[in-house]
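# A structural walkthrough
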Amino acid sequence: EDAIILPCPDVTSSNDANDAQMDIDTQIINMQMVQIEICEFSSGNRYEGQMVDNLYQGHGVFTWANGALYVGEWHHGKQDGRGTLIFADGGRYLGDWAQGLRHGQGAMDWVDGRKYFGQWARGKQQGVGSLVLTSGGSYNGEWRNGQKWSGANYDEDNKILSVVINGVENTSFMVENVPKLDN
């Protein structure tokens, strides 16, 4: 369930920063002429986008040598704002970023077919969200620090399998175990 957080190297701290080849291009973005810088590193990493004071700033594309790709907004050399990260294994996150971590609203698709839609904080599921499993089952509810906290697990027919209260899953709390009230 843990997603891989890829570090965001910047030109000033990268091991291969001295070997970086930088080209400058001018493009029109949102009806404004902006300077686009292209940095190619000896490691095989590549950045193409806006920079300020040798840091990624504005819109840019970072490609890692392993095939991972981030397209989106940058601030002070880190992913910040809206962006999409495609992991080397093909997994994908689309959503909000802050300080290089998934933070805000976002959707994560794993290569095994699982999908998460909801809130993130500091790179982990946090707040209200839904995890849909490949079996068709799901968890809907609150997350804390990347863990299910308060909600319910459902099967593919949307029947409750278990509830989660304060991070503890309970399968004995089933609807059929609740006594009927006399009218």
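Let me sum up the structure you'll find in this document. Because the structure is predicted, anything quoted here is derived from the model rather than measured. (Residues numbered from 1 in each chain as written. Predicted model: local features only at pLDDT ≥ 70, side-chain atom pairs only at ≥ 80, totals over all residues. Heavy atoms only, no water.)

### Considering the pattern of salt bridges
Applying the stated criterion across every chain, the model contains six salt bridges. In this structure, Asp96 and Arg82 form a salt bridge, with 2.9 Å as the shortest nitrogen-oxygen distance. You can see Asp96 sitting in strand 7 (residues 92-98) and its partner Arg82 sitting in strand 6 (residues 78-86), a full 14 residues away along the chain. Of the residues examined, Arg82 reaches a relative accessible area of 43% and is grouped as partly exposed. Glu142 serves as the salt-bridge partner of Arg144, at 3.0 Å between the closest nitrogen and oxygen. Taking relative accessible area as the criterion, Arg144 reaches 39% and is therefore assigned partly exposed. Salt bridges here are not isolated pairs; linked through shared partners, they connect Glu40, Arg46 and Glu48. (Salt bridge = Lys/Arg side-chain N within 4 Å of Asp/Glu carboxyl O. Helix = DSSP H or I, 4+ residues; strand = E, 2+ residues; numbered from the N terminus. Buried < 20%, exposed > 50% of the residue type's maximum accessible area, 1.4 Å probe, protein only.)

### Regarding the nonpolar core
Grouped together as the largest cluster of nonpolar side chains are 22 residues, with contacts concentrated most on Tyr47, Tyr56, Phe62, Met108 and Tyr116. Only strand 3 (46-52), strand 4 (55-63), strand 5 (69-75), strand 7, strand 9 (115-121) and strand 11 (138-144) provide two or more residues apiece to this core. (Core = buried A, V, L, I, M, F, W, Y, C linked by side-chain atoms within 4.5 Å.)

These values are about where atoms sit, not about what they do.
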